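Residue-level structural notes
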Amino acid sequence: MTKMHIKLTVNGEPKEVLAEPRELLIHTLREQLNITGPHIGCETSHCGACTVEMNGKSVKSCTVFAAQANGAEITTIEGLGTPDALHVLQRAFREHHGLQCGFCTPGMITRAHRLLQENPNPTEEEVRFGISGNLCRCTGYQNIVKSILAAAAEMNAMKEAAE
Amino acid sequence: MIPAAFEYHRPADVQAAIRVLQDHGDEARVLAGGHSLIPMMKLRMAELGHLVDLQDIAELKGISVEGATVSIGAMTTQQELIAHEELARVAPILREAALQIADPQVRYMGTVGGNVANGDPGNDMPGLMQCLGATYTLVGPGGTREVAARDFYEAAYMTDREDEEILTRITFTAPTGGYAYEKQKRKIGDYATAAAAVLIAAEGGKVTRASIAMTNLSDVPVHSGAAAEALIGTNCDEEATTAAIAAMLDDIEPTEDNRGPVEFKRHVAGVILARAIQRAWSRA
């Protein structure tokens, strides 16, 4: 099958790849662009480990063809913070033990980031419902929810201070 | 899990999409949000030569509310539907139902059109659209036609849509009175063990109009006229609710699967319908 030219903006940088139409976005990111933050977990659109942001939507990149993402803006965990300058959410997950093995964490934080864009001041119940497409087999979710609520509070305080 | 190879098309309008379908017959399928089709392709339970992505077709997008007439473009995502304030005001049952579909990520991609056109008995929108008395617009090589949601479903994955037709739009009259969409599922992201859509209009403490449809309890959604009839003229007390449940149970034909045996499903269907009737009545 002929390969397609696919143009994406990933974490603010323009990228171009050649991919068969059947190539899934998660494989393009991990294997062609070496962006390995998004993980391959269940491969069946249940676990959310592969969550990335595509044009302002949280999507499971194991269930999107790279061809569908042609022209799209993609944000992965790599686009949120760096080891030297962690995102507020990343810091909150570390401080509140929002991870144990860490496998679900990139998807969890990328999803939480979009959730807080749309609802900057969520209740605990809204956080739980908002991350219901992301599975964690370690934490029991308690500390993940705590981390997201703490990050929301900090982001709101930062916003207020800036105003 | 890599699907079999296919050729990808992204037409800019409905006519161009139909031409691809005409050129390739049943080798081609349209792709809406892809969250039913792509998993099937990954499992190689669906293999097709040509995929026609509808995402660039502007005329398939958007929600319009004009007076009491609601029109929803087929490529409207569940998330867009949930976020639409005017729709939530005139027909809140849609938001209530859509929030119970899949999970957040799937709702950003999954479309209303895909949900109603796929013909999967597990999908929630077909039963809801039957409850609302919605009409589907289908466009094909021969032109445009309209089909009632109540006439559209023939069997699991078999609908009145022809291979070369595209479901473009859903239209219905905004309902008045009380509403409820009640769904029993094993976990977030699961299809219904049983779900019920209920609309009730009342005057002077009595039901004047009702509509009831059930999901995932037959190979097609079940609009139960007899169940609705059992509520007319009553105040939805226990006797009326029991009669409606009995009528509904005569209309469904659940089969055993990993969500439970037939007896259990019939039990859950009754519980869910009772809850939906109570909630709709409390809002009527």
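Cut-offs and rules
Residues numbered from 1 in each chain as written. Chains lettered and ligands numbered in written order. Predicted model: local features only at pLDDT ≥ 70, side-chain atom pairs only at ≥ 80, totals over all residues. Heavy atoms only, no water. Helix = DSSP H or I, 4+ residues; strand = E, 2+ residues; numbered from the N terminus. Buried < 20%, exposed > 50% of the residue type's maximum accessible area, 1.4 Å probe, protein only. Axes fitted to C-alpha atoms, helices over the stretch in contact; angles between N-to-C directions. Parallel < 35°, antiparallel > 145°, perpendicular 65-115°, else oblique. Left-handed = near helix turned anticlockwise from the far one by under 90°. Contact = heavy atoms within 4.5 Å. Nonpolar A, V, L, I, M, F, W, Y, C, P; charged D, E, K, R; others polar. Phe/Tyr/Trp six-rings, centres within 6.5 Å; stacked < 30°, edge-to-face > 60°. Domains from an automatic or database assignment. Pairing = 2+ DSSP bridges. Core = buried A, V, L, I, M, F, W, Y, C linked by side-chain atoms within 4.5 Å. Patch = residues over 30% accessible without salt bridge, like charges linked within 9 Å, V, L, I, M, F, W, Y side chains within 5 Å. Areas by Shrake-Rupley, 256 points an atom, 1.4 Å probe, with all protein chains shown as cover. Salt bridge = Lys/Arg side-chain N within 4 Å of Asp/Glu carboxyl O.

So, about the overall build of chain A. Broken down by element type, chain A carries five helices and five strands. Ordered by position from the N terminus, the helices and strands of chain A form the series β-β-α-β-β-β-α-α-α-α. Its C-alpha atoms give chain A principal-axis dimensions of roughly 50 × 35 × 25 Å. Put simply, chain A has 163 residues, and 52% of those count as buried.

Let us look at the packing of helix α2 (residues 88–95) of chain A against helix α3 (residues 105–118) of chain A. Residue and element names in this part refer to chain A. As a packed pair, α2 and α3 sit with axes 10 Å apart at the nearest point and diverge in direction by 125°. The angle between α2 and α3 falls in the class oblique. Crossing handedness for the pair α2 and α3: right-handed. Each of Leu89, Gln90 and Phe93 in α2 lies in contact with α3, whose residues at this interface are Thr105, Met108, Ile109, Ala112, His113 and Leu116. Residues belonging to the contact of α2 with α3 are distributed by class as follows: six nonpolar, three polar and no charged.

The next thing to look at is the packing of aromatic side chains. All names here are of chain B. This model, assessed by the stated rule, comprises four aromatic pairs over all chains. Look at tyrosine 136 and tyrosine 153: their rings are 6.3 Å apart centre to centre, the planes differ by 85°, and that puts the pair in the edge-to-face class. Of this pair, tyrosine 136 sits in strand β6 (residues 135–140) while tyrosine 153 sits in strand β8 (residues 153–155), placing them 17 residues apart in sequence. Neither residue differs from the other here; tyrosine 136 and tyrosine 153 are each classed as buried. Counting every residue linked through ring pairs, the aromatic cluster contains Tyr136, Phe152 and Tyr153.

Here chain B is partitioned into domain 1 (7–53), domain 2 (61–173) and domain 3 (180–283). Once you take the C-alpha centre of each, domain 1 of chain B and domain 3 of chain B turn out to be 35 Å apart.

Turning next to the sheet that holds strand β7 (residues 143–148) of chain B. Residue and element names in this part refer to chain B. In space, the five strands of this open sheet follow the order β4-β5-β10-β6-β7, with antiparallel pairing throughout. Of all strands in the sheet, those bounded by a partner on one side alone are β4 (63–66) and β7. Looking at each pair of strands side by side, their axes are set apart by 20° on average, direction ignored. Packing against the sheet, helix α1 (residues 14–24) makes contact with β6 and β10 (166–173), and its axis sits at approximately 130° to β10.

As a further point, take the nonpolar core. Residues and elements named next belong to chain B. Core analysis: the biggest nonpolar cluster contains 44 residues, and Leu94 and Met129 have the highest contact counts within it. Here the element with the most residues in this core is helix α8 (residues 125–132); it accounts for five residues. Taken domain by domain, the makeup of this core includes at least three residues from each of domain 2 (61–173) and domain 3 (180–283). Setting aside residues no more than four positions away along its own chain, methionine 129 makes contact with Leu94, Val112, Val116, Ala134, Tyr136, Ala149, Ile170 and Phe172.

A separate point is a nonpolar patch on the surface. All names here are of chain B. A surface patch of nonpolar side chains, about 380 Å² in accessible area, is lined by Met1, Met40, Leu43 and Met45. Here methionine 45 lies in the loop between α2 (37–42) and β3 (50–53). A relative accessible area of 62% places methionine 45 in the exposed class.

Residue and element names in this part refer to chain A. Taken as a whole, α2 has its buried residues at Val88, Leu89, Gln90, Ala92 and Phe93. The secondary structure elements touched by the buried residues of α2 are α3 and α5 (142–162). One or two residues past the end of α2 sits histidine 97, with phi positive at roughly 55°.

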